[in-house]
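Overview (structure and organization)
Letter by letter, the chains look like this.
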Amino acid sequence: MANYSAKECLWRGEQRPSVLNPEANMGQLIWHLLSHIPNRVIQINADTDYRMTCAEMRLRIVRVALNLRRLGFRKGDLVTLACANSDNTVPVFVACLTNGMPINPLAPVFNKDDLAHMMKQTQSKVVFCDSINRSAVEAAVRESIKNAPKIFILGPTEGEALSVEHLLKPVEGEEHFVPEHLGNSSELMAILLCSSGTTGLPKGVCLSHAHLIEGDVFSEALNAGPIFNFSSLFWATGLYASLTSLYYLRTRIITKHLFTEQTLMAIIQKYRVEDVFTPPAYVSALVNSPHFDNVDLSSVKRWTIGGSMVSEAIRARLDEKLPNGQAKPVYGASEIGIITKCDKSFNIGSVGQMITNLTGKIVDEDGTRLKAGEVGEIRLRYKHKILGYFNNPSATADAFDEDDFFKTGDIGFFDKDGHLHVVDRIKDIIKYNNFQVSPSELEAIICRLEGVVQVCVVGIPLPDASSDLATAVIVRKDGSNLTGERVVEIVDSQVSDHKRLRGGVLFVDKLPSSAAGKILRRKVKELVIDLNKN
């Protein structure tokens, strides 16, 4: 149970040291752990059924690390990783960390503009991508990176492109390789995760090696069997699934395929998966599948649901189908990592209790701390503070209050048992299938259209709360013949798939606004919901 200080109005998770050494870097730690049980299968590719042992994983990491060094890359050189899950994704990821080369993972489905936005910031010296997204990645590189980086393809190549196989060739000294200490792991950047704010495109959240080593990943000894989720390393859930596998030598099942309920059911049944993570949208599709009643989920010990608001009805429906396990919500943030976890007796409607070494508070609009049961903004302080938003000191400063608590932008409360309840979001970010969509980015496109006076984009939740649909509410100029269909066509042609206007377009005479003229986004959202009801 979270420890509550009535005097301070603070909740604290269990305070204890990590069983892993946060003073080491991740390359040192993972290289050492993989040597313990060399013949254990650490990764299974569900697309090919290829099974990689700890020894093979370790050898690939060593070869990639040494070959990158031979090409002249060193500690501090930034790396872009725009790859789906494949045999070599994790070896490449760990090899770069072993060399002290920070990784910026990007979604492999991003279009050129989304890729270029982050590449302009990182100016990466090495870029990894898949065959399928190679053209978009190369176009983004040409547009955004001043000094041409080395590009490696994870998959078949044509022309002058280099395959990752170049980095997997035997190299002198590999059999005697020992990762070196790279300095203070609390200050050594490991990864730049993308996190969208309320204004504009993603920022890069800089996390240290110590942060990722000491984070409370899914480590319960009870769940020692295979892990599965669809997430690539772009999502924190894909990152933490990989770390769980490596830290606790648990087999992770991977696939390049996008989610379908048939793929999910087939993988769980074939590989007897014990630990599953999915966003709510996937659970909703699964429980509504005509095949759901016949699927065998007896291997599952824990099914974690997160990324957006979780419908209790959907969670309970899945939970009924798990004879040997439990479906549980989870709450997290790119800037913190996993924030809560649920034991068997978690309070229904909550997201569980805080993880170890985390302190939380609830504050009102003036920053005054609130008591149990009182609703306000959730703010959190972790043992390892983020290194900042990449090249963005003002955003870093704005993200924390005077007591160094991270402002989550979420509304919630702690109940009398110390369980956290997330009620709503202050932030305007739209969540679709676990992707974050910035309303202001879509508004910037729509504002350029002839006939638009004002626009507000909001996320309208699906009935099961599994995702939000981006919906544009527009005030047109008098006499304009602009149609909703035309707006959707133009926007959808310029953005990645997850940013499309799936909620459509609504035209109104005026938008709700404050006395100062600021559009009241929440009022706009309520307006759309009310109109949809009618």
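The structure we're discussing is the one just above.
Attention here is on the structure that accompanies the text. Computed from a prediction, not measured in an experiment: that's the story for all the values here.

As a further point, take the pairing of strand S24 (residues 406–414). Taken across its nine residues, S24 has seven buried, putting it largely inside the fold. As judged from the four bridges shared by strand S22 (residues 376–382) and S24, these two strands associate in the antiparallel manner. Its bridge partner lying in S24, arginine 379 is registered against lysine 407. Both S24 and strand S25 (residues 420–425) contribute to a ladder of five bridges, which runs antiparallel.

The next point concerns the environment of asparagine 391. Structurally, asparagine 391 can be placed in the loop between strand S23 (388–389) and helix H11 (393–398). On the basis of relative accessibility, which here comes to 63%, the residue asparagine 391 falls in the exposed class. For the pair asparagine 391 and glutamine 121, spaced 270 residues apart in sequence, the C-alpha separation works out to 7.5 Å.

Read across the open sheet, the seven strands follow the order S4-S3-S13-S12-S14-S15-S16; overall the sheet is mixed. A strand with exactly one partner marks an edge of an open sheet, and here the two such strands are strand S4 (50–53) and strand S16 (326–329). Alignment of strand S3 (residues 41–45) against S4, held across four bridges, turns out to be antiparallel. What sits directly across from valine 41, in S4, is threonine 53. Those strands touched by helix H10 (residues 312–319) are strand S15 (302–305) and S16, and its axis lies near 155 degrees from that of S16.

Met26, Leu34, Phe93, Phe128, Ile191, Leu212 and Tyr247 are the most contacted members of the largest nonpolar core, which totals 75 residues. Considering each element in turn, this core owes the most residues, seven residues, to helix H3 (residues 89–98).

The next point concerns the pairing of strand S29 (residues 468–476). Where burial is concerned, most of S29 is hidden: eight out of the nine residues are buried. Examined bridge by bridge, strand S28 (residues 452–461) and S29 share nine bridges and lie antiparallel to one another. Bridge assignment links glutamine 454 to a residue of S29, and that residue is valine 475. The antiparallel hairpin formed by S28 and S29 contains six residues in its connecting segment, where alanine 465 sits at a positive phi of about 65 degrees. Bridge analysis of S29 against strand S30 (residues 504–507) gives four bridges, and the strand direction is parallel. Paired with valine 473 across the strands is leucine 506, a residue of S30. Handedness of the β-α-β unit built from S29, helix H13 (residues 484–494) and S30 comes out right-handed.

In this section: helix H7 (residues 236–248). With 13 residues, H7 should reach 18 Å at 1.5 Å per residue; the first-to-last C-alpha distance of 18 Å fits that figure. A large share of H7 lies buried, amounting to eleven of its 13 residues. Looking only at H7, the buried set comprises Thr237, Gly238, Leu239, Tyr240, Ala241, Ser242, Leu243, Thr244, Ser245, Leu246 and Tyr247. One or two steps after H7, the chain reaches leucine 249, where phi turns positive at roughly 50 degrees.

Now for the sheet that holds strand S2 (residues 10–12). Judged by pairing direction, the sheet is antiparallel, and its six strands sit side by side in the order S1-S2-S21-S22-S24-S25 without closing on themselves. The sheet terminates laterally at strand S1 (3–5) and S25, the two strands that pair on one side only. Shown here is a sheet whose adjacent strand axes are inclined to one another by a mean of 40 degrees, direction ignored.

Analysis parameters
- Residues numbered from 1 in each chain as written.
- Predicted model: local features only at pLDDT ≥ 70, side-chain atom pairs only at ≥ 80, totals over all residues.
- Heavy atoms only, no water.
- Buried < 20%, exposed > 50% of the residue type's maximum accessible area, 1.4 Å probe, protein only.
- Helix = DSSP H or I, 4+ residues; strand = E, 2+ residues; numbered from the N terminus.
- Pairing = 2+ DSSP bridges.
- Contact = heavy atoms within 4.5 Å.
- Axes fitted to C-alpha atoms, helices over the stretch in contact; angles between N-to-C directions.
- Core = buried A, V, L, I, M, F, W, Y, C linked by side-chain atoms within 4.5 Å.
- Right-handed = clockwise from strand over helix to strand, strands pointing away.
- Expected span 1.5 Å × (residues − 1).

Everything listed is a geometric property; what it means functionally is a separate question.
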